[in-house]
Number of protein chains: 2
Amino acid sequence: MINENFLQLSDSYLFSAIAKKVRDYKAAHPERRVISLGIGDVTQPLPQACIEAMHRAVDEMGCAETFRGYGPEQGYDFLREAIIRHDFAPRGVALDMDEVFISDGAKSDCGNIGDLFRADCTVGMTDPVYPVYVDSNVMGGRGANITYLPVTAANGFVPQVPEHHIDIIYLCYPNNPTGMVIGREELQKWVDYARREHSVILYDAAYEAYIRHADIPHTIYEIPGAKECAIELRSFSKTAGFTGIRCGCTIVPKALKASVGGREVGLNQLWNRRQCTKFNGTSYVTQRAAEAIYTPEGQEQVRRTIDYYMGNADRMRSRLAALGYEARGGEDAPYIWLRCPEDMGSWAFFDRLLNELSLVTTPGVGFGPSGEGFVRLTAFGRREDCDEAMKRMEQWNL
Amino acid sequence: MINENFLQLSDSYLFSAIAKKVRDYKAAHPERRVISLGIGDVTQPLPQACIEAMHRAVDEMGCAETFRGYGPEQGYDFLREAIIRHDFAPRGVALDMDEVFISDGAKSDCGNIGDLFRADCTVGMTDPVYPVYVDSNVMGGRGANITYLPVTAANGFVPQVPEHHIDIIYLCYPNNPTGMVIGREELQKWVDYARREHSVILYDAAYEAYIRHADIPHTIYEIPGAKECAIELRSFSKTAGFTGIRCGCTIVPKALKASVGGREVGLNQLWNRRQCTKFNGTSYVTQRAAEAIYTPEGQEQVRRTIDYYMGNADRMRSRLAALGYEARGGEDAPYIWLRCPEDMGSWAFFDRLLNELSLVTTPGVGFGPSGEGFVRLTAFGRREDCDEAMKRMEQWNL
């Protein structure tokens, strides 16, 4: 009766394993101040524009005249419209309202989108990779069908388009965990591949707000042909600190079709049916907060917080470089991908940073075999903690 | 590549079909005031205790010192603890904190719980039935394996325990759409069946707050043996008007085990893994609102709103009875199950109520074949609308 694919999952989730090590360390050394550059959670409060919008929405919910019950499963038009107008139209991407689905966060959609695909699909994903892509496919029975596309020094950290057919391709840019980005030309290769092979690209753009270089695409739909082959997953978690109030959105263009049972069906229609059946919309209060991100004040407040985090990244990158470390990412993303010194393994370096400097990182190998020999640092901490972490590394006699 | 089970879904969702008819009617008769006793959405605002709790939570999110990012995927302990203490302990049901999973609503969990089961499971559900049970199983490849357990005059509206083996059984009490309840003795039969057959009961208790008769169980765990065979889905939507802010909870007892690949596994552990992989918790603001339901003020405010809706049900039931209609439910549930007069079909009666009285109901047959010849009325409207609807029916020359 039970879905036996669950037995194929690795026993412990990466972040639980880290949390346990940190807990044990703190218990053994209560006098030391542990600084976390580990889990990718934000630390700055929500933008004031969002706070004010939520207070107003809460008041509406307390009044019979303005109370709102069930909202549309796809999200309120006021938010869908704001997303299209601010995030897509200025980049030359025209979307219809019903191509935008508001969710309670990209993690849900990223897991649930698998409902649309057969259990015997082949799946490709870059390695190292966000563990949710792997685990949700294992649960869906596709664990044995995963092809890992390595991102290593051997290919200059640029994943190569596969030479064989793969049905579903996960791409995440700016990348978690490596903090690297993809240019138009490279992304065009993936779109061309997907159109040629009738594959679907699941494009995770959760970190797009961190892009600073003008030539880097913010959405895959800036690439010609992408609407015919790509679903894009977006999130307000890192853009505006929504990790605790939960909101994201998923774009499923109506031009994206696939053949099934001799018929051509639109994935937009399938995802709509999935969401209407198994989801009941995102909190109205949260959706009003998301809308407020797009006001002039909201935009300015969001920009200030992102600048703060990217300031952390800049300071860490330059200090690490000065210390002779090989550090990638952190220029258009809140993550730094740090090579472990002296050919140390990820966990060995993680353990030394924890035990000797009371610093928490994330071992690269936890994101996949090609992450071995790296750790991930996040820039989401407080400025003084990032500085203190770098000071500890400077004074370290490794 | 595409999950072909989606092609087995019926084309139009019941409530969309109704919405279209109502839209067309309103366009043709703009002068008539349409009253909806149709879709089961609440109309009263959120309890004041919840509103105040949300304002406090919003303020916390605007301040670096009190800001909360990612919460536990399973929900905050403050809410899990309140649920156990108020909804289970007083009924003699002891639960551990990690047997309670907070969700963004029962509809999500009700759909997503299917992830735990094989595509070739057999499924049983009472008929008429909440369409989500059907459609989510069709998507999961179990459409052909559904056994409908009729609830009709022929069995006195009491579904019978099947004579053959079924893996998964959906029960919803108080029932949507019929508004009927189940007593301890009948529910014990289902628990005994499930334990004997090693089946899993998915018990939807979304309407338990509407129970008024003292002898009716509020949770399946009041029945001996239920922890070994049942998952319970609960919701704050109808309890406290949370349809727009999204919160529910699912109980998966650790005593509930199933055998898979020769091993015995706990469903609690599987659901925990599913949620950690494909869900990132419910909005902190919403969880604080849910916690406030359990304060003395919250309890009193919730009671007042439920009394209001049940007052609507009482008035409608007694007036309908006086008019000679056969009306069931509405005593421990916010729904009235009304037999169509003169052997009319559900849609025929729906159409006459709409076209002649400007009243919107839900055709019983939309909930399954055994619903033919009935319409569902909800008590969630405003008092004056319920009274006006009954007045129109009194003056009607059918």
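Up top you'll find the structure we're talking about.
Heads up: these notes are all about the structure in this document.

## What about the relation of the copies chain B and chain A?
Then comes step 1: Rotating chain B by 180° about the axis while translating it 0.0 Å along that axis superimposes it on chain A, leaving an RMSD of 0.0 Å. Such a combination of turn and shift is consistent with a two-fold rotation axis. Relative to the rotation axis, the closest C-alpha in chain B is found at B:H55, a distance of 3.1 Å.
Then comes step 2: Comparing interface residues between copies, 99% of those in chain B also lie at the interface in chain A; the contact surface is shared.

## Section: the nonpolar core
Then comes step 1: In this structure, A:I201, A:F242, A:F349, B:I201, B:F242 and B:F349 are the most contacted members of the largest nonpolar core, which totals 170 residues.
Then comes step 2: Listed in part, the 100 residues of the second largest apolar core include A:L9, A:M139, A:V260 and B:Y130.

## Focus on helix 1 (residues 14-28) of chain A
Note on helix geometry: an α-helix contains 3.6 residues per turn, so any two residues three or four positions apart are oriented the same way.
Residues and elements named next belong to chain A.
Then comes step 1: Its 15 residues give helix 1 an end-to-end C-alpha distance of 22 Å, which sits within 8% of 21 Å, the value for a rise of 1.5 Å per residue.
Then comes step 2: Buried within helix 1 are the following residues: L14, F15, I18, V22 and Y25. Summarising the axial view, the buried residues of helix 1 lie within an arc of 90°, below the 170-degree limit, and thus occupy one face. Exposed residues on helix 1 whose side chains face more than 90 degrees from its buried face are R23, A27 and A28.
Then comes step 3: As for helix 1, its buried residues are in contact with helix 11 (346-357), strand 13 (359-360), strand 14 (362-363) and strand 15 (374-378).

## Some words on helix 9 (residues 284-292) of chain A
All names here are of chain A.
Then comes step 1: For helix 9, the buried fraction is high: eight of the nine residues fall into the buried class.
Then comes step 2: Of all the positions in helix 9, only Y284, V285, T286, Q287, R288, A289, A290 and A292 are classed as buried.
Then comes step 3: Residues of helix 9 that are buried in the fold lie against helix 2 (48-61), helix 3 (77-88), strand 2 (100-103) and helix 10 (296-322).
Then comes step 4: Of the residues that open helix 9, the one with a side-chain oxygen 3.2 Å from the backbone nitrogen of V285 is S283.

## Remarks on the pattern of salt bridges
Then comes step 1: Going through the model one piece at a time under the given rule, you end up with 70 salt bridges over all chains.
Then comes step 2: Between B:E384 and B:R382 there is a salt bridge, with its nearest N and O atoms 3.6 Å apart.
Then comes step 3: Three or more residues are tied together by salt bridges with common partners; here these are A:R33, A:R382, A:E384 and A:D385.

## Brief notes about unusual backbone geometry
Then comes step 1: Put simply, A:D127 and A:P128 share a cis peptide bond, and its omega is 10°.
Then comes step 2: Tracing the sequence through the fold places A:P128 in the loop between strand 3 (123-127) and helix 5 (131-139).
Then comes step 3: Positive phi outside glycine occurs at B:F157, with the angle close to 60°.
Then comes step 4: Relative to the helices and strands, B:F157 resides in the loop between strand 4 (146-150) and strand 5 (168-172).

## Topic: the sheet that holds strand 14 (residues 362-363) of chain B
All names here are of chain B.
Then comes step 1: Taken in spatial order, the four strands line up as 11-12-15-14 in an open sheet, and their pairing is antiparallel. A single partner strand is all that each edge strand has here, and the edge strands are strand 11 (327-329) and strand 14.
Then comes step 2: By the bridge criterion, three bridges tie strand 11 to strand 12 (residues 335-339) in an arrangement that is antiparallel. The partner of A327 across the bridge, within strand 12, is L338.
Then comes step 3: On the sheet, helix 11 (residues 346-357) packs against strand 12, strand 14 and strand 15 (374-378) and is oriented at approximately 50° with respect to strand 15.

## Regarding the side chain of B:S103
Then comes step 1: Topologically, B:S103 is positioned in strand 2 (residues 100-103).
Then comes step 2: A polar side-chain atom of B:S103 sits 3.4 Å from a polar atom in the side chain of B:D109.

## Observations concerning the packing of helix 10 (residues 296-322) of chain B against helix 12 (residues 383-394) of chain B
Geometrically, a packed helix pair is captured by the angle between its two axes and the distance between the axes.
Residues and elements named next belong to chain B.
Then comes step 1: Interaxial distance between helix 10 and helix 12 falls to 10 Å at its minimum, and their mutual angle equals 5°. Comparing their axes, helix 12 and helix 10 come out roughly parallel. Residue-level inspection shows D307, Y308, G311, N312, R315, M316, R319 and L320 of helix 10 in contact with helix 12, the latter providing R383, E384, C386, D387, M390, K391, M393 and E394.
Then comes step 2: Residue composition of the contact of helix 10 with helix 12, grouped by class: six nonpolar, two polar and eight charged.

## Focus on the pairing of strand 3 of chain A
Residue and element names in this part refer to chain A.
Then comes step 1: Within strand 3, five of the five residues are buried, which leaves the element mostly enclosed by the surrounding structure.
Then comes step 2: Tracing the backbone out of strand 3, into helix 5 and back to the parallel element strand 4 (residues 146-150) gives a crossover that is right-handed.
Then comes step 3: Sheet topology note: the strand 3/strand 5 (residues 168-172) ladder contains three bridges and is parallel. Residue pairing across strands places G124 opposite I169, the latter belonging to strand 5.

## Section: the pairing of strand 10 (residues 263-266) of chain A
Then comes step 1: Where strand 9 (residues 257-260) of chain A lies against strand 10 of chain A, four bridges are found, and the strand directions are antiparallel. Counterpart to A:A258 in the pairing with strand 10 of chain A is A:V265.

Procedures and definitions
Residues numbered from 1 in each chain as written. Chains lettered and ligands numbered in written order. Predicted model: local features only at pLDDT ≥ 70, side-chain atom pairs only at ≥ 80, totals over all residues. Heavy atoms only, no water. Least-squares fit on C-alpha atoms with pLDDT ≥ 70 in both. Contact = heavy atoms within 4.5 Å. Core = buried A, V, L, I, M, F, W, Y, C linked by side-chain atoms within 4.5 Å. Buried < 20%, exposed > 50% of the residue type's maximum accessible area, 1.4 Å probe, protein only. Helix = DSSP H or I, 4+ residues; strand = E, 2+ residues; numbered from the N terminus. Expected span 1.5 Å × (residues − 1). Arc of directions from axis to C-beta. Polar contact = N/O pair within 3.5 Å; in protein donor to acceptor, adjacent residues only side chain to side chain. Salt bridge = Lys/Arg side-chain N within 4 Å of Asp/Glu carboxyl O. Pairing = 2+ DSSP bridges. Axes fitted to C-alpha atoms, helices over the stretch in contact; angles between N-to-C directions. Parallel < 35°, antiparallel > 145°, perpendicular 65-115°, else oblique. Nonpolar A, V, L, I, M, F, W, Y, C, P; charged D, E, K, R; others polar. Right-handed = clockwise from strand over helix to strand, strands pointing away.

This is a description of form; function is not addressed.
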